[in-house]
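The residues making up each chain are set out below.
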Amino acid sequence: MINKRALIIDDEPDIRELLEITLIRMGIDTNSAASVTEAKEKLAEQDFQLCLTDMNLPDGNGIDLVAFMQQHYPKTPVAMITAYGNVETAISALKAGAFDFISKPVDLTHLRNLVSTALKLSEQNPTSNSLEQAQTQLIQGNTDEIKKLNKQILKLARSQAPIYISGESGSGKELVAKAIHQQGPRGVSGPFVPVNCGAIPSELVESEFFGHKKGSFSGAIEDKPGLFRAAHGGTLFLDEVADLPLAMQVKLLRAIQEKHIRPVGEQKEVPIDVRILSATHKDLAQLVADGEFRQDLFYRINVIKLDIPSLREHAGDIPLLANYFLANISRECDVSNARFDTAALDALSHYRFPGNVRELENIIERAFTLCEDDIIQESDLNLGEDHDFIGKKPTPSHQVTEEPKTAVNTPASLGIPARLPEQSLENYLESIERQEIEQALTQTKWNRTAAAKVLGISFRALRYRLKKLEMD
């Protein structure tokens, strides 16, 4: 087995020696340079699987060297060594293409984690990240917009830079984040941990992120590791990061910069090795201007911004996505011949989809449970009003006559509990659906065929809902 080789570039002999000793103990051969000129000579002489460079060198700076390596040695991960607390330099290095950065004085635990992650990247088959071979882990679509997005995903997967993913609700931000994780070195064995920041009560957010010690507060009946430690060695995806309380934003910034956390009730800090990806459908820059989101945290998580197109912007992919979702749903129900009729696909292709890809999937899921003979007709889609369509105005089948107003039934009048303020509409509807299914099953003594008749749906639709709600 051939040892990996690292190039260390620093004009301070003590730093070079510390880095060399650490890497040699990890089984990595090292070579050193004290200047940009000497580094370029070494790079021309032999291959390296990792490069560590200081920022300030006698004949240039590390960022220029990063740019040089991006052009001539793009497969070699390069990490920047920066002065302590110099966040601006670190961000500039990441934007220039640096794999990661480490601050002086060098934390050896952080250094080992960085080196291990970089070597995983260099060990990946260079051809495995081609668009065709990685397609199953990327975003479905054949339009230019999605092809561009997938190329960006593959490029960003090689870096450890924090990425801010911007896009409308339902556009697939978590799917993009997961693809970036899977295509990078952390995807080899590290976990992908998504968290909806807006779904955590403000009084519990610190404990959820950093963990807590048993007895540290009322209700802390056991030790809890927290999300950062759950994501150690992998990726932490902060969805709806704009919803974090300001007090937590300060602590999150420190955790990202220092790469250490302190669980609630603990005296000692715990080192963490996590890549941060974040997203929101809100205008984060406007929230910064309004004083509702910290500017320093914004710059720290927004090193690279990735914009996700709405489904309206790649409407040409609608038929492909529709058939993809239908195939997945029908497979779960052991149905092999489900399909759309031509008018249904045409209607989908002209619909605006304010809820984006998530809405498309939900529409198909509903239509599949309602259709006859496993063929989804346009009427099964229930797409809504005329103004929701693009470039086409559906012809009304009949003239609508205004009917006399009648009393409107509210959830309370029907004996259904009202939605709680902190409860999402999706969770609220699922709770009602679960309750109705449980009542029907109890009424029929868990005879599913009879329960489906009570609910007025097909047996197949009931089976699908049981699986979706994890009641099967």
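Residues numbered from 1 in each chain as written. Predicted model: local features only at pLDDT ≥ 70, side-chain atom pairs only at ≥ 80, totals over all residues. Heavy atoms only, no water.

Caption draft 1: Examining the packing of helix α18 (residues 448-455) against helix α19 (residues 459-468) more closely. Put simply, α18 and α19 touch, their axes get as near as 9 Å, and they point 100° apart. In terms of axis orientation, α18 runs roughly perpendicular to α19. Only Phe459, Leu462 and Leu466 of α19 make contact with α18, whose side of the interface consists of Arg448, Thr449, Ala451, Ala452 and Leu455. Considering only residue class, the contact of α18 with α19 consists of six nonpolar, one polar and one charged. (Axes fitted to C-alpha atoms, helices over the stretch in contact; angles between N-to-C directions. Helix = DSSP H or I, 4+ residues; strand = E, 2+ residues; numbered from the N terminus. Parallel < 35°, antiparallel > 145°, perpendicular 65-115°, else oblique. Contact = heavy atoms within 4.5 Å. Nonpolar A, V, L, I, M, F, W, Y, C, P; charged D, E, K, R; others polar.)

Caption draft 2: The packing of aromatic side chains, seen in detail. Under the criterion given, the structure shown has seven aromatic pairs. Note on Phe298 and Tyr299: the rings are 5.6 Å apart at their centroids and 50° apart in plane angle, and the pair reads as tilted. Judged by relative accessible area, Phe298 falls into the buried class, the value being 11%. Given a relative accessible area of 47%, Tyr299 falls into the partly exposed group. (Phe/Tyr/Trp six-rings, centres within 6.5 Å; stacked < 30°, edge-to-face > 60°. Buried < 20%, exposed > 50% of the residue type's maximum accessible area, 1.4 Å probe, protein only.)

Caption draft 3: Seen up close, the sheet that holds strand β9 (residues 192-196). Judged by pairing direction, the sheet is parallel, and its five strands sit side by side in the order β9-β10-β13-β8-β14 without closing on themselves. A single partner strand is all that each edge strand has here, and the edge strands are β9 and β14 (304-307). Across this sheet, the average inter-strand angle for adjacent strands is 20°, counted without regard to direction. Both strand β8 (residues 163-166) and strand β13 (residues 275-280) contribute to a ladder of four bridges, which runs parallel. Bridging from a neighbouring strand, Tyr164 pairs with Ser278 of β13. (Pairing = 2+ DSSP bridges.)

Caption draft 4: Examining the packing of helix α1 (residues 13-25) against helix α5 (residues 108-123) more closely. Two numbers describe how α1 lies on α5: the axes approach to 11 Å, and their chain directions differ by 60°. It follows that α1 is oblique to α5 by the angle criterion. Where α1 crosses over α5, the two elements pack in a sense that is right-handed. For the pair α1 and α5, contact is made by Leu18, Leu19, Thr22 and Leu23 and by Leu108, Leu111, Arg112 and Val115, respectively. (Left-handed = near helix turned anticlockwise from the far one by under 90°.)

Coordinates in, geometry out; function isn't part of it.
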